[in-house]
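# Summary of structural features
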Amino acid sequence: MEHPSDLIVSKGEPATLNCKAEGRPTPTVEWYKDGERVETDNPRSQKMLLPSGSLFFLRIVHGRRSKPDEGSYVCVARNYLGEAVSHNASLEVACECGLLLFLMDLEKL
């Protein structure tokens, strides 16, 4: 199994958490965020399960009150012989603090 790596991504940008599992029969792959199954079959979710098993985010969603994409993710591959669980990978949204401080300094002028 190829395990996903931690990511730091800018808000609104695409991102991919990689996971690759091989086996016979070919395993199915599901993703979990903070213990909850990630919906990838709903077009409104902004997330897609790639054929390789990786999780693709069309754009990272992040707001002041809601941070639905930020968290700890695991990939689970299953077939009738068993399952394999990846290491945890964290997805964090990059802080735009420098821009905010710069704009605050401009207001003081």
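This is a predicted model, so every value here is computed, not measured. (Residues numbered from 1 in each chain as written. Predicted model: local features only at pLDDT ≥ 70, side-chain atom pairs only at ≥ 80, totals over all residues. Heavy atoms only, no water.)

## Digging into the pairing of strand S8 (residues 82-85)
- As paired strands, strand S7 (residues 71-79) and S8 are joined by four bridges and run antiparallel to one another. Within S8, the position partnered with Asn-79 by the bridge is Gly-82.
- Between S7 and S8, which pair antiparallel in sequence order, lie two residues. (Pairing = 2+ DSSP bridges. Helix = DSSP H or I, 4+ residues; strand = E, 2+ residues; numbered from the N terminus.)

## Notes on the packing of aromatic side chains
- A complete count under the given rule lists one aromatic pair for this structure.
- Taking the centre distance of 5.7 Å and the plane angle of 90° together, the rings of Phe-57 and Tyr-73 count as edge-to-face. Of this pair, Phe-57 sits in strand S6 (residues 55-57) while Tyr-73 sits in strand S7, and the two are 16 residues apart along the sequence. The same class applies to Phe-57 and to Tyr-73, which are both buried. (Phe/Tyr/Trp six-rings, centres within 6.5 Å; stacked < 30°, edge-to-face > 60°. Buried < 20%, exposed > 50% of the residue type's maximum accessible area, 1.4 Å probe, protein only.)

## Concerning the pattern of salt bridges
- Going through the model one piece at a time under the given rule, you end up with six salt bridges.
- A salt bridge links Arg-78 to Glu-30; the shortest N-O distance between them is 2.7 Å. With Arg-78 in strand S7 and Glu-30 in strand S3 (residues 28-33), the pair connects residues that are 48 residues apart, well separated along the chain.
- Among the charged side chains, a salt-bridge network with shared partners connects Glu-30, Arg-37, Arg-78 and Glu-83. (Salt bridge = Lys/Arg side-chain N within 4 Å of Asp/Glu carboxyl O.)

## Notes on the confidence of the model for the protein chain
- Within the protein chain, residue pLDDT values average 88, and 87% of them lie at 70 or more.
- When mean pLDDT is taken per element in the protein chain, strand S2 (residues 15-17) scores highest with 98 and helix H1 (residues 97-108) scores lowest with 52. (pLDDT = per-residue confidence, 0-100.)

## Remarks on the state of the cysteines
- A complete count under the given rule lists one disulfide for this structure.
- One disulfide bridge connects Cys-19 with Cys-75, the sulfur atoms lying 1.9 Å from each other. Residues Cys-19 and Cys-75 are joined through a disulfide that is left-handed, its torsion about the S-S bond being -65°. Here the residue Cys-19 occupies a position in the loop between S2 and S3, and Cys-75 occupies one in strand S7, the gap between them amounting to 56 residues. Side by side, Cys-19 and Cys-75 carry an identical accessibility label, which is buried. (Disulfide = S-S within 2.5 Å.)

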